[in-house]
Amino acid sequence: MDVNAAVAAAAAIAGLLTGVIAMLAFRVSEREQRRPTRTSLHTDAVLPPGVDTVLSVLRSSAVVLDEADGVVKASSAAYALGLVRGGKLAVEPMLKMARDTRRDGEIRQVELDLPRRGTGRGEALAVSARVAPLGSRLVLLLVEDLTEARRIEAVRRDFVANVSHELKTPVGALSLLSEAVMDASDDPEAVQRFAGRMQIEATRLTNLVQELIDLSRVQNDDPLEDAEPVRVDVLVAEAIDRCRHAAGTKEITMAAAGAADLRVWGNRGQLAAALGNLVENAVNYSPARTRVGIAVRSVAQPGGDLIEIAVTDQGIGISDKDKERVFERFYRVDPARSRATGGTGLGLAIVKHVAASHGGEVTVWSAEGQGSTFTLRLPEARAPRGRRPSERDDTEALDGEAAGTSHPSPHASDPSAYETLPSPEVLP
């Protein structure tokens, strides 16, 4: 019995020791797992609570660096801008700012021009970088892209400079001409000649101010707030009537053709101004005894039918380098000719803004010495209920002659697309 009791006591002691050793081993293992390692320093676990959520909703690109300059957290925008590459901050000036902030704890901000990633053309990316300490070991870098703001500011400066120059020219001419009239008060012929020049400069000044007002209006107003179905043939008739005198002076034949009763949805005044500018440019830049054609058709598109209004002339044409800039404000293909015709360089810019604000576009095809075709595309409005598309008022019918130009419209998939249009009467 004594032997059995001794064996049982020894077994109990051995089991107790085994349990104690196992518990100690488990505690040691758990402690080792909780200890931070070198790799764990570069994970999201080291971020203070809530920081990850805040960084995910910021508009700026965000990068969090540890004490070894490793990237702990970076937003997708930071990768898109090329700030982070291979787990490291790739912009040396920003890296230096982060090290300085880590050393003295001061917040720093600077604006930098960075090369665009992968372009190879030296284009600069304007950014504003702000560095601040985040806790005791981390540094937060916030980067805001200022490229678009810089571009808009440059456009605004150029616009103000161009407006100042364009206004200065006729105002200066009026001042000089008024002095000439005063000096030639005893010469009726000279007074009449100078007065005629004053009228021309005053008209140019009036046109410039009016087009500046129109451009400002189409840029700031929403044309669809008071939109209505607008008949395209009526717009064409108004544009032709607007240029009838100038075309008659140069013996230019204006011709129009198109499908009946097509409508677009938008602001009638803005649409009339846009189409009028296209027709007016075609007349002004066409030689005498040539033809200006206006063709209208409906084009089926998956997202909805479009109305194409193509204005074709047989003028001087536009070079390839100028076609990319003709819709810029105050840009003139031929400055001397534009000033001779009273052009302000704002007409096509107005057309571009009107087309964009109505959900459409304007494009150009041109070849030097062969003329140009400007095509205005706008979403088609449905015809009123209870009325067939073929029905229309005779008083609103569009008069004109079918456009017989020397080259087809390049925007049509079928070169003979406009040849199937009905032939209106010849315009006087």
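Reference entry: report on the structure contained in this document. Since the structure is predicted, the reported quantities are computational estimates derived from the model, not experimental observations.

### Points about the pattern of salt bridges
- Within this structure, the stated rule accounts for 24 salt bridges.
- In this structure, R197 and E201 form a salt bridge, with 3.0 Å as the shortest nitrogen-oxygen distance. With R197 and E201 both in helix α6 (residues 188–220) and four residues apart, the pair spans about one turn of that helix.
- The partly exposed category is assigned to R197, whose relative accessible area is 39%.
- With relative accessibility at 4%, the residue E201 sits in the buried group.
- The salt bridge involving D322 is made with K321; its shortest N-O contact spans 3.5 Å.
- Counted as one network, the salt bridges with shared partners bring together R231, D233, D261 and R263.

### Topic: the packing of helix α9 (residues 268–284) against helix α12 (residues 347–357)
- Running from amino to carboxyl end, α9 crosses α12 at an angle of 140 degrees, the nearest separation of the two axes being 9 Å. Of the possible angle classes, the one that applies to α9 and α12 is oblique. Crossing handedness for the pair α9 and α12: left-handed. Along the contact surface, α9 presents Q270, L271, A274, N277, L278 and N281, while α12 presents G347, L348, I350, V351, V354 and S357.
- Here the residues of the contact of α9 with α12 sort into seven nonpolar, five polar and no charged.

### A short note on the sheet that holds strand β12 (residues 306–312)
- Read from one edge of the open sheet, five strands run β9-β11-β12-β14-β13, paired in mixed fashion. Of all the strands in the sheet, just β9 (253–258) and β13 (361–367) have a single pairing partner and so form its edges. The mean inter-strand angle of the sheet, taken between neighbouring strand axes irrespective of direction, is 15 degrees.
- When β12 meets strand β14 (residues 371–379), the two strands line up antiparallel, connected through seven bridges. Note on β14: the bridge partner recorded for I307 is L378.

### Side note on the environment of Q109
- One can find Q109 in strand β5 (residues 108–115).
- It is 4.2 Å that separates the C-alpha atoms of Q109 and R130, two residues lying 21 residues apart in sequence.
- Once you skip the residues sitting within four places of it in the chain, Q109 turns out to touch M97, S128, A129 and R130.
- For Q109, the side chain forms a polar contact with the side chain of S128, separated by 3.3 Å.
- A polar side-chain atom of Q109 sits 2.7 Å from a polar atom in the side chain of R130.

### Comments concerning the packing of aromatic side chains
- Overall, the coordinates contain one aromatic pair when judged by the stated rule.
- Their ring planes at 85 degrees and their centres at 6.2 Å tell us that F327 and F374 sit as a pair that is edge-to-face. Within this pair, whereas F327 is found in the loop between α10 (320–323) and α11 (335–341), its partner F374 is found in strand β14, the two being separated by 47 residues in sequence. Each member of the pair, F327 as well as F374, is classed as buried.

### Some remarks on the sheet that holds strand β2 (residues 71–74)
- Ordered in space as β2-β1-β7-β6-β5, the five strands form an open sheet in which the pairing is antiparallel. Two strands in the sheet have a free side with no partner beyond their single neighbour: β2 and β5. Averaged over all pairs of adjacent strands, the angle between their axes in this sheet comes to 25 degrees, without regard to strand direction.
- Across eight bridges, β5 lies against strand β6 (residues 124–134) in antiparallel orientation. When the sheet's bridge partners are listed, Q109 is paired in β6 with R130.
- Against the sheet, helix α4 (residues 92–104) engages β1 (61–65), β5, β6 and β7 (138–145), with an angle of about 165 degrees to β5.

### Digging into α12
- Within α12, burial applies to G347, L348, A349, I350, V351, V354 and A355.
- Positive phi shows up at G359, right after α12, with a value of about 80 degrees.

The rules behind each value
Residues numbered from 1 in each chain as written. Predicted model: local features only at pLDDT ≥ 70, side-chain atom pairs only at ≥ 80, totals over all residues. Heavy atoms only, no water. Salt bridge = Lys/Arg side-chain N within 4 Å of Asp/Glu carboxyl O. Helix = DSSP H or I, 4+ residues; strand = E, 2+ residues; numbered from the N terminus. Buried < 20%, exposed > 50% of the residue type's maximum accessible area, 1.4 Å probe, protein only. Axes fitted to C-alpha atoms, helices over the stretch in contact; angles between N-to-C directions. Parallel < 35°, antiparallel > 145°, perpendicular 65-115°, else oblique. Left-handed = near helix turned anticlockwise from the far one by under 90°. Contact = heavy atoms within 4.5 Å. Nonpolar A, V, L, I, M, F, W, Y, C, P; charged D, E, K, R; others polar. Pairing = 2+ DSSP bridges. Polar contact = N/O pair within 3.5 Å; in protein donor to acceptor, adjacent residues only side chain to side chain. Phe/Tyr/Trp six-rings, centres within 6.5 Å; stacked < 30°, edge-to-face > 60°.

Remember that the coordinates give geometry; whether it matters functionally is a separate question.
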